[in-house]
Amino acid sequence: MAEQTHPMLRPLPDGIVPEEVVARTERRWLTLMVSMLIVMLVVVVLTSALGALHPASNVEVIQPLTLHLGGEFVESNLGTEIEPDGSATVRLIAEQYAFVPHCVEVPANRPVRFRLTSADVVHGFLLPDTNVNTMVVPGFVAEVRTRFSHVGEYDMPCHEFCGLGHHAMWTHVIVTDPSTFANHTLLERTRCGRQQ
Ligand code: CUA
C-alpha cells in the first residue's frame, strides 16, 4: 500500500496555489481590512470630537397634523425670536417642498437655537461648513444649537430625499450684525430684505 504523504508536501500540478501561500495572502488581506476599519473608526471619533458633532440630546414629540392650528409652530411664531438673555431662537417648518419661512435672519456672535419640525415626511436640515446637520422627522421637534462668528449667507438645502420636488427645497439663513438685525422688523427677518 502506498504511503500517505502530507498534503502540503505533495507535488502540485501546474496552476494550483499551495495552501500556505493562500493562508499567508488571506492573513495579509485580513490585516489590511482590519487596519482600514480601525482608521475609519478613529476618523469618526476624531471628527465628532473635534467638530462638536453629537447625537440629538432631546426627544420632543409634536402632533404634525395640527401644527398650523396652535402651539409653538403656528405661522405667526415662525422665524427668529430674540430671548431675554439675548440669544436667538429660530423656528421653522419643513414641508413638501419648502421651508417656512423661506429665509431667516439671525444675529452674529449670539447663541442660536434652531427648532424645526416636519408637517409631512422626513426632511433634512444642513448648514454647509457648520456643525448644523439634522433630520427633521414628522412627529418630533429637532433642535440644534450653534453660533455664527461671521456675517454671511448660507444656502440651506433639504438633504434628505423627500419626493419629486426635493431638489427645489431650499431656504437661506442670513447672518447679520446684531445692530443691523435689531433694526429689522419681524417681517424683514423672514424675507431677508427681498421681495417674496
Ligand atoms: Cu425636503 Cu428633501
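Here goes a summary of the coordinates provided. (Residues numbered from 1 in each chain as written. Predicted model: local features only at pLDDT ≥ 70, side-chain atom pairs only at ≥ 80, totals over all residues. Heavy atoms only, no water.)

## Notes on unusual backbone geometry
Generally, phi is negative for residues other than glycine and the peptide bonds are trans, each holding for most cases.
Stage number 1. Here the bond from Gln 96 into Tyr 97 is cis, since omega is -5°, no more than 30 degrees from zero.
Stage number 2. One can find Tyr 97 in the loop between strand S2 (88–95) and strand S3 (98–100).
Stage number 3. Residue Pro 101 follows Val 100 across a cis peptide bond; omega there is -5°.
Stage number 4. Take Pro 101: it is sitting in the loop between S3 and strand S4 (103–107). (Helix = DSSP H or I, 4+ residues; strand = E, 2+ residues; numbered from the N terminus.)

## With respect to the nonpolar core
Stage number 1. Counting 23 residues, the largest nonpolar core has Leu 92, Phe 99, Phe 114 and Phe 125 as the members making the most contacts within it.
Stage number 2. Elements that contribute at least two residues to this core include exactly S2, S4, strand S5 (111–118) and strand S10 (170–176).
Stage number 3. Element by element, the count of residues in this core is highest for S2, at four residues.
Stage number 4. Not counting the four nearest positions on each side in its chain, Phe 99 is found in contact with Ile 93, Ala 94, Leu 116, Gly 124, Phe 125, Met 156, Pro 157, Cys 158, Met 169, Trp 170 and Thr 171.
Stage number 5. Phe 73, Leu 78, Ile 93 and Val 141 belong to the second largest nonpolar core, which has five residues in total. (Core = buried A, V, L, I, M, F, W, Y, C linked by side-chain atoms within 4.5 Å. Buried < 20%, exposed > 50% of the residue type's maximum accessible area, 1.4 Å probe, protein only. Contact = heavy atoms within 4.5 Å.)

## Digging into the sheet that holds S10
Stage number 1. Taken in spatial order, the three strands make up an open sheet running S4-S10-S9, and their pairing is mixed. Looking at the sheet topology across the chains shown, the edges are occupied by S4 and strand S9 (152–157). When strand polarity is set aside, the average angle formed by the axes of neighbouring strands in this sheet is 20°. (Pairing = 2+ DSSP bridges. Axes fitted to C-alpha atoms, helices over the stretch in contact; angles between N-to-C directions.)

## Thoughts on a nonpolar patch on the surface
Stage number 1. Taken together, the side chains of Trp 29, Leu 30, Leu 32, Met 33, Val 34, Met 36, Leu 37, Ile 38, Met 40, Val 42, Leu 46 and Leu 50 define a hydrophobic patch exposed on the protein surface, amounting to about 1200 Å² of accessible area.
Stage number 2. Tracing the backbone shows Leu 32 in helix H1 (residues 19–50).
Stage number 3. The exposure class assigned to Leu 32 is partly exposed, which follows from its relative accessible area of 42%. (Patch = residues over 30% accessible without salt bridge, like charges linked within 9 Å, V, L, I, M, F, W, Y side chains within 5 Å. Areas by Shrake-Rupley, 256 points an atom, 1.4 Å probe, with all protein chains shown as cover. Salt bridge = Lys/Arg side-chain N within 4 Å of Asp/Glu carboxyl O.)

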